[in-house]
Amino acid sequence: MAMKIGILTSGGDCAGLNAVIYAFEKAITAIDPKVDIYGILGGYTGLINREYKLLKHEDFSNIFNTGGTILGSSRQPYKKLIQAEGAHKVASMKENYHKMDLDALIILGGQGTHKTAALLSSEGLNVIALPKTIDNDLWGTDFTFGFHSAVNVATECIDRIQTTAASHRRAMIVEIMGNKVGWLTLYAGIGGGADIILIPEIPYDINKVIKAVESVKKSKGYCIIAAAEGAMDNEEATLTKKERYQKRGERGEVTASNRIAKAIEEKLNIETRVVVPGHIQRGGAPSPYDRVLCSQVGAYAAKLAIERKYGVTVALNGDKITSNKLDDIAGKTKVVPPKHELIKAAKDIGISFGE
Ligand code: F6P
């Protein structure tokens, strides 16, 4: 009997999802041309509602270098799934997996997706997950696919902002995605030649930020700050997430960027602008790096499926593709260690972290 495999993409989209879907199909049909691949539509929601289609070979052609996901995606917050109100959704996913008579389920997603993948695996479903996210915060893998594509976009944003900042002798804050972790801001900040990098893992002191802006402005005439969406000051760092959001809500702000801009204008009288590239960072074609990584992880997942190795997620470890047990990585966040080599290198070349 030919294997029946379901595949879904869940959580925020990013470049590379289609490349992985493409590579998986290529690799698995090369081993067993009879395998049937069912595309589950719209992430876990599609599994809950049994919305799927049998994918034909043509469905996979011409998708390798396209952005987004041919399967669609959605968020099904894990927290809600494990509460009483979510129990029927988990039951539906199990039931539909069995009704579809699947041998395995391939799940492409980030942190939240992996928690649910681990849950489904513990409920007896044969799950193989793949590491997706522009945040690069998944535990156990050096890089997630989508990350480097987003780094390229965010770096280009900073590059483009440099010229305007220089022409107008301004301070410019580029707010980069990453609510909990600063990997994207760190890479794009260094890559784009930012003067100051602010990430959630290193809470900033606004006075130090202002001092750094003043000194950079004096030496080169303008200043670029790469600030993560989740950047926070020393005081905010002492609060719980809920308290922080509440305080920000009272101030009418979502992130710290505008507050930082205001402080720079008030204290230094330097015209300051905030630029938010937002979801542009998730869009467009995957970068060459990601296309290569997607090919590798997609092919590896196909091998795992053929070997019936389940309950795992594919990972990059140095230059090797490997896998981790879902139970070992689900729920863990890979934050930027404040003593990370990249932070040291950034400091060595004069970048301030506002500490
Ligand atoms: O997890 C990826 C991510 O792009 C984060 O960097 C960002 O905080 C979040 O998703 C935005 O989510 P949404 O698309 O739901 O606005």
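Residues numbered from 1 in each chain as written. Predicted model: local features only at pLDDT ≥ 70, side-chain atom pairs only at ≥ 80, totals over all residues. Heavy atoms only, no water.

Student: It is not clear to me how the overall build of the protein should be interpreted in this structure. Could you clarify?
Tutor: A count of helices and strands for the protein gives 15 helices and 11 strands. Whereas a compact globule of 355 residues would reach a radius of gyration of roughly 20 Å, the protein reaches 22 Å, a difference of no more than 12%. Along the first, second and third principal axes, the C-alpha set of the protein runs to 70 × 40 × 30 Å. Split into buried and exposed, the 355 residues of the protein put 53% on the buried side. Restricting to contacts in the protein with at least 6 residues of sequence separation, those with at least 24 account for 72%. Within the structure as shown, the protein displays about 15600 Å² of accessible surface, and the carbon and sulfur contribution to it stands at 50%. Here the protein holds 45 positive side-chain charges and 40 negative ones, and the gap between their average locations is 1 Å. (Helix = DSSP H or I, 4+ residues; strand = E, 2+ residues; numbered from the N terminus. Rg over C-alpha atoms; globule rule 2.2 N^0.38 Å. Buried < 20%, exposed > 50% of the residue type's maximum accessible area, 1.4 Å probe, protein only. Contact = heavy atoms within 4.5 Å. Areas by Shrake-Rupley, 256 points an atom, 1.4 Å probe, with all protein chains shown as cover. Lys, Arg positive; Asp, Glu negative; His and termini not counted. Charge placed at Lys NZ, Arg CZ, Asp CG, Glu CD.)

Student: Help me out: how do you make sense of the site of the ligand in this one?
Tutor: Surveying the vicinity of the ligand reveals the residues Arg-75, Ile-134, Asp-135, Met-177, Gly-178, Asn-179, Glu-229, His-279 and Arg-282. In this structure, an oxygen atom belonging to the ligand sits 2.9 Å away from a side-chain N or O atom of Arg-75. Within the backbone of Gly-178, one N or O atom sits 3.3 Å away from an oxygen atom of the ligand. Protein burial of the ligand: of its 400 Å² of free accessible surface, 70% is covered by the chains. A molecule is said to occupy a pocket when more than half its atoms come within 2 Å of that pocket's grid points, and by this definition the ligand occupies the largest pocket. (Near = heavy atom within 4 Å. Polar contact = N/O pair within 3.5 Å; in protein donor to acceptor, adjacent residues only side chain to side chain. 1 Å grid on protein atoms, 1.4 Å probe; cavity = no way out; pocket = protein on both sides within 12 Å on 5 of 7 lines; lining within 4 Å. Sits in = over half its atoms within 2 Å of the grid points.)

Student: I'm lost on the layout of surface pockets in this one. Help?
Tutor: Empty pockets left among the atoms are what a rolling probe the size of a water molecule brings to light. Roughly 1200 Å³ of internal volume is contained in the largest pocket. If you trace the largest pocket, you find 39 residues lining it, with Arg-75, Gln-111, Gly-112, Asp-135 and Lys-180 closest to the centre. Among the secondary structure elements, those contributing two or more residues to the lining of the largest pocket are helix H4 (78-81), helix H6 (111-122) and helix H11 (241-251). Grouping the constituent residues of the lining of the largest pocket by class yields 10 nonpolar, 16 polar and 13 charged. Both domains that meet at the lining of the largest pocket, namely domain 1 (4-146 + 286-329) and domain 2 (150-282), each give it at least three residues. Approximately 160 Å³ is the volume attributed to the second largest pocket. Along its surface, the second largest pocket is lined by Tyr-204, Ile-206, Asn-207, Ile-210, Asp-233, Arg-259, Lys-262, Ala-263, Glu-266 and Lys-267. (Points joined across faces, edges and corners; volume = space filled by probe spheres on them. Nonpolar A, V, L, I, M, F, W, Y, C, P; charged D, E, K, R; others polar. Domains from an automatic or database assignment.)

Student: How should I be thinking about the domain arrangement of the protein in this particular structure?
Tutor: Frequently, the measure chosen for interface size is the accessible area that the parts lose on association. Along its sequence, the protein is organised into domain 1 (4-146 + 286-329) and domain 2 (150-282). For domain 1 and domain 2, the distance between their C-alpha centroids amounts to 34 Å. Counting residues at the interface gives 12 residues for domain 1 and 10 residues for domain 2. Regarding the contact of domain 1 and domain 2, the summed buried area is about 860 Å², with carbon and sulfur atoms giving 53% of it. Contact with domain 2 buries surface across domain 1, with Asp-13, Ile-134 and Asp-135 losing the most and accounting together for 49% of the total. Put simply, domain 1 and domain 2 have one salt bridge between them. (Buried area = accessible area lost by both parts, 1.4 Å probe. Salt bridge = Lys/Arg side-chain N within 4 Å of Asp/Glu carboxyl O.)

Student: Teacher, can you tell me more about the sheet that holds strand E7 (residues 196-198) here?
Tutor: Within a sheet, adjacent strands bond to each other through the backbone by hydrogen bonds, running parallel or antiparallel. Taken together, the four strands give an open sheet; going across it, the order is E7-E8-E6-E9, and neighbouring strands pair in parallel fashion. The open sheet terminates on both sides in strands that have one partner only, identified here as E7 and strand E9 (272-275). When the angles between neighbouring strand axes are averaged without regard to direction, this sheet yields 20°. Summarising the sheet, E7 and strand E8 (residues 223-228) pair through three bridges and their orientation is parallel. In the strand pairing of E8, Ile-197 is matched with Ala-226. Along the sheet face, helix H8 (residues 183-191) touches strand E6 (171-176), E7 and E8 and points at about 175° away from the line of E7. Where helix H12 (residues 257-268) meets the sheet, it contacts E6, E7, E8 and E9, and its direction lies at approximately 170° from that of E9. (Pairing = 2+ DSSP bridges. Axes fitted to C-alpha atoms, helices over the stretch in contact; angles between N-to-C directions.)

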